[in-house]
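Residues per chain, in single letters:
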Amino acid sequence: MHLLTTAIDGFAQIIMLLLLGRAIVSWFARPGGSAYKLYQVLIMLTEPIVAPCRAVTSRLRTGMMDFSVLLAMLLVIMARGLLIGLIDIFIH
């Protein structure tokens with residue numbers, strides 16, 4: 001595997017873990033609680049990816065369910081595959 005594809009894959013995995021962590025910690029984070037500070041850090045790190053997704057999913061009228069993190073995960077997976085595929089085409 002090329003160094004650039006390894007870097008892209010690693011970066012995508014880190015983003016996926018942060019998004020997954022955000023989703024899981026959101027169930028337990030309450031203001032003043034110990035998980036809340038971790039949740040704030042996860043929001044700070046992932047909001048640049050999640051905010052545009054929220055703008056798209058808000059039009060779907062899904063009620064109280066927020067699918068923006070799920071959409072962000074899908075976009076990260078697709079971007080990872082696209083970038084690695086393009087690198088493979090141009091390098092080989």
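Refer to the structure presented above.
Residues numbered from 1 in each chain as written. Predicted model: local features only at pLDDT ≥ 70, side-chain atom pairs only at ≥ 80, totals over all residues. Heavy atoms only, no water.

What exactly am I supposed to notice about the overall build of the protein here?
Scanning the protein from N- to C-terminus turns up three helices and zero strands. Going from N to C terminus, the protein has its helices and strands arranged as α-α-α. Seen through its principal axes, the protein has C-alpha atoms that stretch 50 × 30 × 15 Å. Across the 92 residues of the protein, 25% fall into the buried class. (Helix = DSSP H or I, 4+ residues; strand = E, 2+ residues; numbered from the N terminus. Buried < 20%, exposed > 50% of the residue type's maximum accessible area, 1.4 Å probe, protein only.)

Explanation requested: helix H3 (residues 68–91) in the structure shown.
Because an α-helix completes one turn every 3.6 residues, residues spaced three or four positions apart along the sequence face the same direction. Compared with the 34 Å implied by 1.5 Å per residue over 24 residues, the 34 Å span of H3 between its first and last C-alpha is a close match. Those residues of H3 that fall on the buried side of the exposure criterion are Ser68, Val69, Ala72, Met73, Val76, Ile84 and Ile87. Buried residues along H3 sit in contact with helix H1 (3–26) and helix H2 (34–57). (Expected span 1.5 Å × (residues − 1). Contact = heavy atoms within 4.5 Å.)

Any chance you could explain the environment of Leu71 here in plain terms?
Mapped onto the elements, Leu71 comes out in helix H3. Along the sequence, Leu71 and Arg54 sit 17 residues apart, while their C-alpha atoms lie 8.5 Å from each other. Here Leu71 is in contact with Cys53, Val56 and Thr57, once residues within four sequence places are set aside.

For this particular structure, what's the right way to read the environment of Leu45?
Along the chain, Leu45 turns up in helix H2. Take Leu45: its relative accessible area is 45%, and that puts it in the partly exposed class. C-alpha of Leu45 to C-alpha of Ala72: the two residues are 27 residues apart in sequence and 13 Å apart in space.

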